[in-house]
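So the chains spell out like this:
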Amino acid sequence: VDERAEAKKNRDYETADEIRETLREQFDVTIDDKMKCWLVGVGRGYIQEESSSPLDQELVNEIQTLVDERAEAKKNRDYETADEIRETLREQFDVTIDDKMKCWLVGVGRGYIQEESSSPLDQELVNEIQTLVDERAEA
């Protein structure tokens, strides 16, 4: 990941992409630049991103219900409804949804974190990956 960060810094995107693919293939790591989070393995569904702005539980439940309704609409190929729900979430709650990472957040994230739904890893590997992801973000 250090090499990828350096490649991005030097605008060598081909090398950066190759390194990203290596992370994906060897560690099953997915990095999401937009949501500033990374995960290992397959997610469980849409969850609130840890870097989301703090919310009371009642509001979290309301947002989660809409996020789940949107996911169901997408599953049923009702993209018009899914888009309407996404716009409602954005306009009323400042929610950003990342379909690739299956997570959502309110406001601006505070940096890359390991997604809760990520497969379990030993702490040493988590620390190593986190360091590399953080360095990549600075590139």
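Residues numbered from 1 in each chain as written. Predicted model: local features only at pLDDT ≥ 70, side-chain atom pairs only at ≥ 80, totals over all residues. Heavy atoms only, no water.

Colleague: Looking at this structure, I do not really get the confidence of the model for the protein chain. What am I missing?
Modeller: Segments scoring low in pLDDT should not have their predicted coordinates read at a detailed level. Of all residues in the protein chain, 81% attain a pLDDT of 70 or more, and the chain-wide mean is 81. Confidence, expressed as mean pLDDT per element, reaches its minimum in the protein chain at strand β6 (residues 113-114) with 67 and its maximum at helix α4 (residues 79-93) with 94. (pLDDT = per-residue confidence, 0-100. Helix = DSSP H or I, 4+ residues; strand = E, 2+ residues; numbered from the N terminus.)

Colleague: Can you walk me through helix α1 (residues 2-9) in this structure?
Modeller: In an α-helix, one turn spans 3.6 residues; hence positions three or four apart end up facing the same way. Buried within α1 we find Arg4, Ala5 and Ala7. Along the axis of α1, the buried residues cluster in a sector spanning 160°; they form a single face. Relative to its buried face, α1 has exposed residues pointing more than 90 degrees away, namely Glu3 and Lys9. Following α1 by one or two positions, Arg11 has its phi on the positive side, about 60°. (Buried < 20%, exposed > 50% of the residue type's maximum accessible area, 1.4 Å probe, protein only. Arc of directions from axis to C-beta.)

Colleague: Looking at this structure, how should I read α4?
Modeller: Over its 15 residues, α4 extends 20 Å from the first C-alpha to the last, a length consistent with the 21 Å expected when each residue adds 1.5 Å. Among the residues of α4, Ala82, Ile85, Leu89 and Phe93 are the ones counted as buried. Taken end-on, α4 shows its buried residues confined to a sector of 65°, consistent with a single buried face. The outward face of α4, more than 90 degrees from its buried face, is lined by the exposed residues Glu80 and Glu91. Backbone geometry just after α4 places Asp94 at a positive phi near 60°. (Expected span 1.5 Å × (residues − 1).)

Colleague: Which parts of the structure should I look at to understand the sheet that holds strand β3 (residues 47-48)?
Modeller: The strands that make up a sheet pair up through hydrogen bonds in the backbone, lying either parallel or antiparallel. Judged by pairing direction, the sheet is mixed, and its 3 strands sit side by side in the order β3-β5-β4 without closing on themselves. At either margin of the open sheet sits one strand with a lone partner, and together these are β3 and β4 (95-98). Bridge count for β3 against strand β5 (residues 103-106) is 2 bridges, and the pairing is parallel. Within the sheet, the bridge partner assigned to Gln48 lies in β5 and is Trp104. Along the sheet, helix α3 (residues 57-75) contacts β3, β4 and β5; its crossing angle with β5, the most-contacted strand, is approximately 140°. (Pairing = 2+ DSSP bridges. Contact = heavy atoms within 4.5 Å. Axes fitted to C-alpha atoms, helices over the stretch in contact; angles between N-to-C directions.)

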